[in-house]
Amino acid sequence: FTAAVISNGIRLNWSTAQEQNSSHFEIQKGSETSGFIPVGTVQAAGNSNLETHYSFTDSDPLEGNSYYRLKQVDKDGQFSYSKTISVKYEVKGMIKKIINPFSNAILIQFGSGIVQPGTQWRLYDMHGRLLLTRRITGNTINEQVAGLQPGMYILEITIGGKQQAIRLSKPE
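Residues numbered from 1 in each chain as written. Predicted model: local features only at pLDDT ≥ 70, side-chain atom pairs only at ≥ 80, totals over all residues. Heavy atoms only, no water.

Student: Pulling in residues and values, what's your account of the overall build of the protein?
Tutor: Secondary structure assignment for the protein yields zero helices and 15 strands. Its C-alpha atoms give the protein a radius of gyration of 21 Å, more than 25% over the compact-globule value 16 Å for 172 residues. Principal-axis analysis of the C-alpha atoms gives the protein an extent of 65 × 35 × 25 Å. Counting all 172 residues of the protein, 38% fall into the buried class. The long-range fraction of contacts in the protein, counting pairs at least 24 apart against all pairs at least 6 apart in sequence, stands at 57%. (Helix = DSSP H or I, 4+ residues; strand = E, 2+ residues; numbered from the N terminus. Rg over C-alpha atoms; globule rule 2.2 N^0.38 Å. Buried < 20%, exposed > 50% of the residue type's maximum accessible area, 1.4 Å probe, protein only. Contact = heavy atoms within 4.5 Å.)

Set out below in structure tokens:
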């Protein structure tokens with residue numbers, strides 16, 4: 001059972017030498033401050049005498065140290081846990097994920113601890129007209145904006161005491 005940082009998250013790989021009555025693998029993630037939670041499921045081979053390889057990508061990794069384990073579940077409900085492995089994921093820069101250009105929603109995910117919950121953000125058109133004012137919850141802006149016309153927009157948010165302007169575009 002191994003973990004590696006890749007461009008879009010953390011890739012987990014594992015294999016089984018053989019399987020008997022296996023149903024699925026539940027991938028669980030934890031941090032230094034929280035318990036394990038399920039983040040995905042991979043179907044198992046069921047019954048096999050051959051080596052079987054599996055993989056799963058966590059596309060929403062925690063910043064810093066994360067801990068992963070597998071819960072192997074049999075068809076009769078019995079289960080067992082793999083060893084726990086750790087991997088360190090570092091966000092390069094303040095924005096972890098952004099969908100730009102956008103279509104029906106503005107999605108910007110900031111690195112952990114970059115933006116304080118409750119921080120206000122504003123969306124302006126290119127004429128400087130204020131279109132939206134909202135407060136961020138968690139570290140993600142996920143705002144439905146299907147009614148916006150195609151064009152360029154500016155999202156302003158204060159990060160670390162400095163006003164930041166993020167240029168966004170909505171194509172035709």
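The structure having been displayed, the exposition proceeds.
Student: Give me the pattern of salt bridges: which residues, what numbers.
Tutor: Taken as a whole and assessed by the stated rule, the structure comprises three salt bridges. Of the charged contacts, one joins lysine 29 and aspartate 58 as a salt bridge, the two residues approaching to 3.0 Å between their closest N and O atoms. Taken together, the residues lysine 29 in strand β3 (residues 22–30) and aspartate 58 in strand β5 (residues 52–58) connect sequence positions 29 residues apart. With relative accessibility at 7%, the residue lysine 29 sits in the buried group. Glutamate 143 serves as the salt-bridge partner of arginine 134, at 3.1 Å between the closest nitrogen and oxygen. Residue class for arginine 134 comes out partly exposed when judged on its relative accessible area of 34%. A relative accessible area of 17% places glutamate 143 in the buried class. (Salt bridge = Lys/Arg side-chain N within 4 Å of Asp/Glu carboxyl O.)

Student: Tell me about the side chain of threonine 119, and name the residues and values.
Tutor: Topologically, threonine 119 is positioned in the loop between β10 (105–110) and β11 (120–125). The contacts of threonine 119, once residues within four sequence positions are left out, are Arg134, Arg135, Ile136, Ile157 and Thr158.

Student: So, the confidence of the model for the protein: which residues are in play, and what are the values?
Tutor: Mean pLDDT over the protein: 89, with 95% of residues reaching 70 or higher. When the elements of the protein are averaged for pLDDT, strand β9 (residues 95–98) gives the smallest value, 77, and strand β7 (residues 79–81) the largest, 97. (pLDDT = per-residue confidence, 0-100.)

Student: Describe in detail the sheet that holds β9, supporting the description with residues and values.
Tutor: On the basis of which strands lie adjacent, the open sheet formed by three strands has the order β9-β10-β13 and antiparallel pairing. Only two strands of the sheet have a single partner each, and these edge strands are β9 and β13 (140–144). Put simply, the sheet's adjacent strands are angled 10 degrees from each other on average, direction ignored. Sheet analysis places β9 next to β10, joined by three bridges and oriented antiparallel. Counterpart to isoleucine 95 in the pairing with β10 is phenylalanine 110. (Pairing = 2+ DSSP bridges. Axes fitted to C-alpha atoms, helices over the stretch in contact; angles between N-to-C directions.)

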